Amino acid sequence: MIILSVSLFLAFIICTIRLIQLKKQIKKFAKTVRELNKPDYNKPISVENFDKDIIELANALNGQVEMRKELSAQYENSKKQIKYVIAGISHDFRTPLTAIKGYMQMIEKSDNLSETDREYLSIAIEKTSYLKSLSDDFFEISALEVNEDEVEMSPVNLNNVLSEIILEQYDWITAGDYKSEFRLPDEDIIINTNEHYLKRIINNLFSNARKYAVSYLGLKVFQDKNKIVITVENDMESIDDINIDRIFEPFYRGNARSNNGSGLGLYVVKCLAGKLGFKVETECRKGIFLIKIMCFFNVKKNN
């Protein structure tokens, strides 16, 4: 009887230990499976308990891990290939569209056109310009997303770049009789960035302001601790015309005063800002819509 009791006790101890080991292994499996959701996790599932069933389960899970890695790699490769195709197609569109627009503009100068023909031709030129702008945006976005090379940076005089862009906006600002407010620092500010991308960002912000502005637009620059903040702002007929949460989505267009544009301008701004390490935010203040570009750089002032 004593021997039987001891045997049962030992069996209970062994089963308890076995159960604890199994629970510990299952918890480890569960933790590893949760880790698999992280894109950079690539460790195989290991076992501490060399039970046949446990080993089979680990092998099955590791098989799923490998399959997931393969599918993820195929997806990323396919996504990149699609971007290359889009970039190629948009690039191929640009040349014929430029030629078509050029020929139509030459025809427009002819004295042999009736008023009706001239009206139709003007519409065709406008639509061709829209397609050209759309293909340019497609190409730029695709090129940005495909190109993983580090962006070339160099010291840029921010005041000079912004002054040049403001002068380029002079004609349409004057023609629209907008009240404008441009505030640049008295001293030159030098930032390390890519000048081409910086100009593209600011030009796109002005282009967006032009679509929505009713009577006011502005550009302001100020330094806040370790960053330079650039804001481009404009009034609107109604702030309800736009959804702030969707403003940087591709193809999103609020109720703009102008129908021109592809809805990609601010998406391009977001992509370029990301490449440069800038932060972009939107804000509404008393009927004024503004977009802030924050440059987190050690800036230098030239007095």
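Data block above holds the structure.
Residues numbered from 1 in each chain as written. Predicted model: local features only at pLDDT ≥ 70, side-chain atom pairs only at ≥ 80, totals over all residues. Heavy atoms only, no water.

**Points about the side chain of N194**
Step number 1: Here N194 is to be found in the loop between β3 (188-193) and α6 (195-212).
Step number 2: Polar side-chain contacts of N194 include one of 3.0 Å to the backbone oxygen of E152.
Step number 3: Of note is the side chain of N194, whose polar atom sits 2.9 Å from the backbone nitrogen of Y197.
Step number 4: The residues touching N194, leaving out its near neighbours within four places in the chain, are V151, E152, M153 and L276. (Helix = DSSP H or I, 4+ residues; strand = E, 2+ residues; numbered from the N terminus. Polar contact = N/O pair within 3.5 Å; in protein donor to acceptor, adjacent residues only side chain to side chain. Contact = heavy atoms within 4.5 Å.)

**Points about the nonpolar core**
Step number 1: With 49 residues, the main nonpolar core has L158, I201, I202 and L205 as its most contacted residues.
Step number 2: With residues near it in sequence (within four places) discarded, I201 still touches V269, L272, A273, L276, F278 and I293. (Core = buried A, V, L, I, M, F, W, Y, C linked by side-chain atoms within 4.5 Å. Buried < 20%, exposed > 50% of the residue type's maximum accessible area, 1.4 Å probe, protein only.)

**A closer look at the packing of aromatic side chains**
Step number 1: Here the structure, examined in full by the defined rule, presents 2 aromatic pairs.
Step number 2: Ring plane angle 75° and centroid distance 5.7 Å describe the contact between W172 and Y178, whose orientation is recorded as edge-to-face. Judged on exposure class, the residue W172 and its partner Y178 are both buried.
Step number 3: A ring pair is formed by F182 and F206, whose centres lie 6.4 Å apart and whose planes are at 65°; its orientation type is edge-to-face. With F182 in strand β2 (residues 179-183) and F206 in helix α6, this pair connects stretches of sequence that are 24 residues apart. (Phe/Tyr/Trp six-rings, centres within 6.5 Å; stacked < 30°, edge-to-face > 60°.)

**Focus: unusual backbone geometry**
Step number 1: Positive phi values are uncommon outside glycine, yet D177 reaches one of about 55°.
Step number 2: Summarising the element assignment, D177 is placed in the loop between α5 (170-175) and β2.

**What about α6?**
Step number 1: Spanning 18 residues, α6 covers 26 Å between terminal C-alpha atoms, matching the ideal 26 Å at 1.5 Å per step.
Step number 2: Where α6 begins, the side chain of N194 points an oxygen toward the backbone nitrogen of H196, at a separation of 3.2 Å. (Expected span 1.5 Å × (residues − 1).)

**What to know about the sheet that holds strand β4 (residues 216-224)**
Step number 1: Strand order across the open sheet formed by 5 strands is β2-β4-β5-β7-β6, with mixed pairing between neighbours. Across the chains shown, the open sheet's two edge strands, defined by having one partner strand only, are β2 and β6 (279-285). Neighbour-to-neighbour, the strand axes of this sheet turn through a mean angle of 20°, independent of strand direction.
Step number 2: Of the strand pairs in this sheet, β2 and β4 are connected by 5 bridges, and their pairing is parallel. Bridge pairing in β4 places R183 opposite K220.
Step number 3: Running at roughly 180° to β4, helix α4 (residues 158-168) makes contact with β2, β4 and β5 (227-235) of the sheet. (Pairing = 2+ DSSP bridges. Axes fitted to C-alpha atoms, helices over the stretch in contact; angles between N-to-C directions.)

**Some thoughts on the packing of α4 against α6**
Angle between the axes and distance between the axes: these two values describe a pair of packed helices.
Step number 1: Relative to each other, α4 and α6 sit at 40°, their axes nearing to 10 Å. Overall, the two elements α4 and α6 adopt an arrangement that is oblique. As for the relative orientation of α4 and α6, their crossing is right-handed in sense. The segment α4 lies against α6, with L158, V161, L162, E164, I165, I166 and E168 engaging E195, L198, K199, I202, N203 and F206.
Step number 2: Of the residues that constitute the contact of α4 with α6, the class distribution is 8 nonpolar, 1 polar and 4 charged. (Parallel < 35°, antiparallel > 145°, perpendicular 65-115°, else oblique. Left-handed = near helix turned anticlockwise from the far one by under 90°. Nonpolar A, V, L, I, M, F, W, Y, C, P; charged D, E, K, R; others polar.)

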